[in-house]
Amino acid sequence: MKSWAGPSYPKEPSSRADVPVLNLFNTASAQIEPVEVKDFYRMYVCGITPYDATHLGHASTYISFDLVNRYLRFSGATVAFVENITDIDDPLLERALRDGVDWQDLAHSQIELFRGDMVALRVIPPDHYIGVVEAMNQIIKSILLLQKEDSLYAVEGDLYFRVRRDPEFLQRSHISSSAALEIFSQRGGDPDRAGKEDRLDALVWRRQRPGEPGWPSPFGMGRPGWHIECSAIALHYLNPSPQDDYAIDIQGGGSDLIFPHHDMSAAQGLIATGQKFARSFIHTGMVGLDGEKMSKSLGNLVFVSRLLADGIDPMSIRLALMGHHYRSDHMWSAPEINHAENLVSRLRLNLSRVEVAETSPVMVEICIAMSQDLNTERVIALLVTWCEQTESGQSGGSAGELARFLDELLGLAF
Ligand code: ZN
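Draft legend 1. Region of the structure containing the overall build of the protein. A count of helical and extended segments in the protein gives 13 helices and 14 strands. Out of the 414 residues in the protein, the part that is buried amounts to 56%. For the protein, the share of sequence-separated contacts (at least 6 apart) that also reach a separation of at least 24 residues comes to 78%. Of the accessible surface of the protein, which amounts to about 17100 Å², a share of 50% is contributed by carbon and sulfur atoms. The protein carries 37 positive and 55 negative side-chain charges, and their two centres are separated by 3 Å.

Draft legend 2. Representation of the packing of aromatic side chains in the model. Taken as a whole and judged by the stated rule, the model has nine aromatic pairs. Connected via pairs of aromatic rings, a cluster forms that spans Trp 4, Tyr 62, Phe 114 and Tyr 129.

Draft legend 3. Region of the structure containing the sheet that holds strand E3 (residues 40–45). Spatial ordering of the open sheet is given by E5-E4-E3-E10-E11, a layout of five strands whose pairing is parallel. Sheet topology places strand E5 (128–131) and strand E11 (276–284) at the edges, where each strand pairs with a single neighbour. The average angle at which neighbouring strand axes cross in this sheet is 25°, direction not considered. Judged from the three bridges that link them, E3 and strand E10 (residues 246–254) form a sheet pairing that is parallel. Considered in E10, the bridge of Met 43 is made with Ile 250.

Draft legend 4. Examining the pairing of E11 more closely. In terms of burial, E11 is largely enclosed, as seven of its nine residues are buried. Relative to E11, E10 runs parallel, the two sharing seven bridges. In the strand pairing of E11, Tyr 246 is matched with Lys 276. Tracing the backbone out of E10, into helix H7 (residues 258–273) and back to the parallel element E11 gives a crossover that is right-handed.

Draft legend 5. Geometry of the pattern of salt bridges. This structure, assessed with the given rule, holds 27 salt bridges. The partner of Asp 263 in a salt bridge is Arg 172, and the shortest N-O contact between them spans 2.8 Å. Here Arg 172 lies in the loop between strand E7 (158–161) and helix H5 (177–186) and Asp 263 lies in helix H7, a separation of 91 residues in the sequence. Pair check on accessibility: Asp 263 and Arg 172 agree, each one buried. Residues Arg 348 and Asp 313 are paired through a salt bridge, measuring 2.9 Å at the closest nitrogen-oxygen approach.

Draft legend 6. Representation of the coordination of the zinc ion. Taken together, the protein ligands of the zinc ion are Cys 46 (SG), Cys 230 (SG) and His 261 (NE2), with distances of 2.0 to 2.1 Å. On the basis of relative accessible area, Cys 230 is assigned to the buried category, the value being 1%.

Draft legend 7. Spotlight on the packing of helix H4 (residues 136–148) against helix H6 (residues 226–237). Put simply, H4 and H6 touch, their axes get as near as 9 Å, and they point 105° apart. The angle between H4 and H6 falls in the class roughly perpendicular. Together, Gln 138, Ile 139, Ser 142, Ile 143 and Leu 146 of H4 and Ile 228, Glu 229, Ala 232, His 236 and Tyr 237 of H6 make up the contact between the two elements. Residues belonging to the contact of H4 with H6 are distributed by class as follows: six nonpolar, three polar and one charged.

Draft legend 8. Region of interest: unusual backbone geometry. Residue Thr 54 follows Ala 53 across a cis peptide bond; omega there is -15°. Take Thr 54: it is sitting in the loop between E3 and helix H1 (56–74). Omega for the peptide link from Phe 259 to Pro 260 comes to 5°, which places this bond in the cis form. By the secondary structure assignment, Pro 260 is in helix H7. One non-glycine residue, Ala 30, adopts positive backbone phi at about 60°. Here Ala 30 shows up in the loop between strand E1 (23–26) and strand E2 (31–34). Under the relative-accessibility criterion, Ala 30 is labelled partly exposed at 41%.

Draft legend 9. View of the domain arrangement of the protein. Looking at the assigned domains, one finds that the protein contains domain 1 (16–284) and domain 2 (292–410). Its C-alpha centre places domain 1 at a distance of 30 Å from the equivalent point of domain 2. Contact with domain 1, which involves 33 residues of that partner, is made by 32 residues of domain 2. Ranking the residues of domain 1 by area buried against domain 2 places Leu 56, Leu 67 and Phe 74 at the top, with a combined share of 22%.

Draft legend 10. Summary view of the environment of Phe 114. Looking at where Phe 114 falls in the secondary structure, it is placed in helix H3 (residues 103–120). Residues within four places of Phe 114 in sequence aside, it is in contact with Trp 4, Ile 48, Ala 53, Thr 54, Tyr 62, Glu 83 and Tyr 129.

Draft legend 11. The nonpolar core, seen in detail. In terms of nonpolar packing, the biggest core is built from 76 residues, with Leu 56, Trp 332, Ile 366 and Leu 410 touching the most fellow members. Considering every element that reaches this core, the biggest residue donor is H1, with 10 residues. Split by domain, this core shows at least three residues from each of two domains, domain 1 (16–284) and domain 2 (292–410). Residues contacting Ile 366, with those up to four places away along its chain left out, are Val 379, Leu 382, Leu 383, Phe 405, Leu 406, Leu 409 and Leu 410. Of all hydrophobic cores here, the second largest spans 55 residues; its members include Ile 143, Phe 161, Ile 233 and Ala 247.

Draft legend 12. Layout of the side chain of His 55. Here His 55 lies in the loop between E3 and H1. At 3.0 Å, the side chain of His 55 and the backbone nitrogen of Gly 57 are in polar contact. In this structure His 55 touches Leu 301, Val 302, Phe 303 and Val 304, once residues within four positions along its chain are discounted.

Draft legend 13. Examining the environment of His 262 more closely. Topologically, His 262 is positioned in helix H7. We classify His 262 as buried; its relative accessible area is 1%. Each C-alpha atom of the pair His 262 and Ala 278 lies 9.6 Å from the other, and the pair is 16 residues apart in sequence. The residues touching His 262, leaving out its near neighbours within four places in the chain, are Cys 46, Gln 251, Gly 252, Gly 253, Leu 257, Phe 281 and His 283.

Cut-off values and rules
Residues numbered from 1 in each chain as written. Predicted model: local features only at pLDDT ≥ 70, side-chain atom pairs only at ≥ 80, totals over all residues. Heavy atoms only, no water. Helix = DSSP H or I, 4+ residues; strand = E, 2+ residues; numbered from the N terminus. Buried < 20%, exposed > 50% of the residue type's maximum accessible area, 1.4 Å probe, protein only. Contact = heavy atoms within 4.5 Å. Areas by Shrake-Rupley, 256 points an atom, 1.4 Å probe, with all protein chains shown as cover. Lys, Arg positive; Asp, Glu negative; His and termini not counted. Charge placed at Lys NZ, Arg CZ, Asp CG, Glu CD. Phe/Tyr/Trp six-rings, centres within 6.5 Å; stacked < 30°, edge-to-face > 60°. Pairing = 2+ DSSP bridges. Axes fitted to C-alpha atoms, helices over the stretch in contact; angles between N-to-C directions. Right-handed = clockwise from strand over helix to strand, strands pointing away. Salt bridge = Lys/Arg side-chain N within 4 Å of Asp/Glu carboxyl O. Donors = N, O, S within 2.8 Å, 3.2 Å for Na, K, Ca; no water. Parallel < 35°, antiparallel > 145°, perpendicular 65-115°, else oblique. Nonpolar A, V, L, I, M, F, W, Y, C, P; charged D, E, K, R; others polar. Domains from an automatic or database assignment. Buried area = accessible area lost by both parts, 1.4 Å probe. Core = buried A, V, L, I, M, F, W, Y, C linked by side-chain atoms within 4.5 Å. Polar contact = N/O pair within 3.5 Å; in protein donor to acceptor, adjacent residues only side chain to side chain.

Given below as structure tokens:
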């Protein structure tokens, strides 16, 4: 699938030995740990299901992984980045049915909106932006690998994966089996279906039901389960090296994907290939509105496209979302976009001055803050201080150098 137009970015990153090592919170180890220093990283971020795109929760997630991508590139590495689109899924079909529209038309229109929002927010596009429908052959190949490992069984023509084949199942999520059962049923799972060997086993192929789309496969007409889609797309398009301890370096997404989605994807990846799936599982917090979780069911989504249509500068949206730590659940409120707009105006004005406060120290401090689990709140405080220093008449810095730095490392262009 076509990705989106990328913001300008240096094609040949120069090695910068003085950039601090990036530290990130790994959900699997439940601690902040240094990202291994390498020349080449493989990063997979779970994409949207194309309906109700792009709300601020999505924007916050993709900006956060853009910051990871930019930091690794800034330190001189190459990052292979793959993102999927769940362009066939129960919620998409249900929404299309409710609204009386074709599910493909709905998906297409939402993907277009998403692309436009990502361009506006200056998110570097993935090298491969892959829809489930176009990856059907790769997904079927992954299911065949699981079948070869005797890890599948059928229930009335649907295929299930034995999640307990992975000895580390649930350890990445740090939850008990009983908590997992509860979450599983809330997030699209079917723990109570008769005939399953283990209530947590994951659907990998759903035979076609009347009125539903289906694709031909060795298991009959049908469509894949959610978790196998991401492990198959990641393993195909990131092309892991069998010599590495892990197939990929980073799997990312919102914290609502920790279980079951990422745990089950990782289990399937391990059994299909014999290689552990992801070294780091990185998750972003949820964004709420006026004291409530922002969700489709509550109907309180704030859309990026709506804010842009209202004339909000996309850099203000980016900066406002960076005002919260990426792992924290936080509330969106109108005043914070006003604060961000203020700061954008001040930065724009100060970066256009000939005489500005020293810029080298603030760039060093911003790098240190970003290396510490993406401390964007500290970054914003540093930018405010630099504005104050410049406005009070301090000099000795290079506005052009700081502007290029903010663009390259933080995706902030003024
Ligand atoms: Zn995914």
